[in-house]
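Topology and contacts: notes
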Amino acid sequence: MSKEEVRKALGVVPGDSFFVPSSGRLKQRVLTLKPVEDVTITKNFPGVLKVEVKEYEMVAVQLSPDGQMFSVLANGLALPVVEGRLPDKPVLSGWKPGDPNLIALCRALSGVPDQFLTDLSEIHSDPSTAYPDRIKLFTRSRFEVVTTVGKLADKISYLSDIVQNREPGKVLMLEADTYLPYSAESAPQASPEADKLKEKDTTQ
């Protein structure tokens, strides 16, 4: 968010009444900005207005069909990535626009520890009849993980332990948790989405 966007949402200029609109009303105006998670308004008499804005955290990256890159926030909002600023976040692939599971996933990712979030390279939508919110995750440390959006928050600590203490392999975290190391010939291949992202990274 730019300061100008926040000023425009506030709708006040020097010379306006100090008391009207109220702090609560000003807060509600700024909260209409989609990237904003919370706002603190402080008024210091006779004429100082302080506005502190907390934006939703960036949790992932998504590529459009034409190759444009978007950063995805914890509320599911996708914003164009600023030129030259490649986020170190997982790539979302196979997700349909407006998928409620995508928004739930973004909220879950906001609770994932930073050190593990940066290890995630891709997150695929992989629904099944039994698990409509099933997902497949690939890590930069070469693990392939199958779980669900709903179970991610509860399973993440167990997954972090596996990644840190086991050799690369496949991990299944549904009703029961299983782990199987890779054989040399079964190592996962990067998806087209990851290749596109890598190309963008090397050309900037």
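Right above here is the structure, for reference.
The rules behind these values
Within each chain, residues carry numbers counting from 1 in the order of the written sequence. In keeping with the model being predicted, local features are shown solely for residues with a pLDDT of at least 70 and side-chain atom pairs are shown and tallied solely at 80 or more, while totals for entire chains, interfaces and linings include all residues. Computation of side-chain values covers all heavy atoms of the structure but excludes hydrogens and water. Here a helix means four or more residues in a row that DSSP labels H or I, a strand means two or more in a row labelled E, and each is numbered from the N terminus. For the exposure calls, accessible area comes from a 1.4 Å probe over protein chains only, and a residue counts as buried if that area is under 20% of its type's maximum, exposed if over 50%, partly exposed in between. Contacts are assigned to residue pairs with any non-hydrogen atoms lying within 4.5 Å of each other. All accessible-area figures derive from a Shrake-Rupley calculation using a 1.4 Å probe, and residue coverage is judged against the displayed protein chains alone. Each Phe, Tyr or Trp ring (for Trp, its six-membered ring) is paired with any other whose centre lies within 6.5 Å, and the angle between the two planes then decides the class: stacked below 30 degrees, edge-to-face above 60, tilted in between. In this scheme, Lys NZ or Arg CZ marks a charge over a ring once it lies within 6 Å of the ring centre and within 35 degrees of the ring normal. To estimate how far a helix should reach, multiply one less than its number of residues by 1.5 Å. Throughout, the bend at a residue refers to the angle made by two axes, fitted to the seven residues ending there and to the seven starting there. Only one rule defines a salt bridge in this text: a Lys or Arg side-chain nitrogen within 4 Å of an Asp or Glu carboxyl oxygen. Paired strands are those between which DSSP finds at least two bridges.

**Some thoughts on the overall build of the protein chain**
A count of helical and extended segments in the protein chain gives six helices and eleven strands. Per-residue burial over the protein chain gives 37% buried out of 204 residues. At a minimum sequence separation of 6, the contacts of the protein chain that also span at least 24 residues come to 44%. Accessible surface, the protein chain as shown: approximately 11900 Å² in total, 52% of it carbon and sulfur.

**Topic: the packing of aromatic side chains**
Counted according to the given criterion, the structure contains four aromatic pairs. Of the aromatic side chains, those joined through ring pairs into one cluster are Phe-18, Phe-19 and Phe-45. In this structure, Lys-43 is placed above the aromatic ring of Phe-18, and the distance from its NZ or CZ to the ring centre is 5.6 Å.

**So, helix H5 (residues 149-165)**
Taking 1.5 Å as the rise per residue, H5 with 17 residues should run 24 Å; its terminal C-alpha atoms sit 24 Å apart, in good agreement. Residue Lys-155 marks the point of greatest curvature in H5, where the axis turns by about 60°. Taken together, the buried positions of H5 are occupied by Val-149, Leu-152, Lys-155, Ile-156, Leu-159, Ser-160, Ile-162 and Val-163. Of the surrounding secondary structure, the elements contacted by the buried residues of H5 are helix H3 (100-109), helix H4 (114-117), strand E8 (134-139), strand E9 (144-148), strand E10 (169-173) and strand E11 (177-181).

**Brief notes about the pattern of salt bridges**
Considering all chains together, one arrives at eight salt bridges under this definition. Between Asp-88 and Arg-140 there is a salt bridge; the shortest N-O distance is 3.6 Å. Of this pair, Asp-88 sits in the loop between strand E5 (78-80) and strand E6 (91-93) while Arg-140 sits in the loop between E8 and E9; the two residues are 52 residues apart in sequence, bridging distant segments of the chain. By relative accessible area, which is 41% here, Arg-140 ends up partly exposed. Note that Asp-177 and Lys-155 form a salt bridge whose closest N and O atoms lie 2.8 Å from each other. Placement of Asp-177 in strand E11 and of Lys-155 in helix H5 is noted, with a sequence separation of 22 residues between them. The exposure class assigned to Asp-177 is partly exposed, which follows from its relative accessible area of 31%.

**Quick notes on the pairing of strand E1 (residues 36-44)**
Here eight bridges tie E1 to strand E2 (residues 48-55), and the two strands are oriented antiparallel to one another. Note that in E2 the partner of Thr-42 across the bridge is Lys-50. In sequence, E1 turns back onto E2 through a hairpin of three residues.

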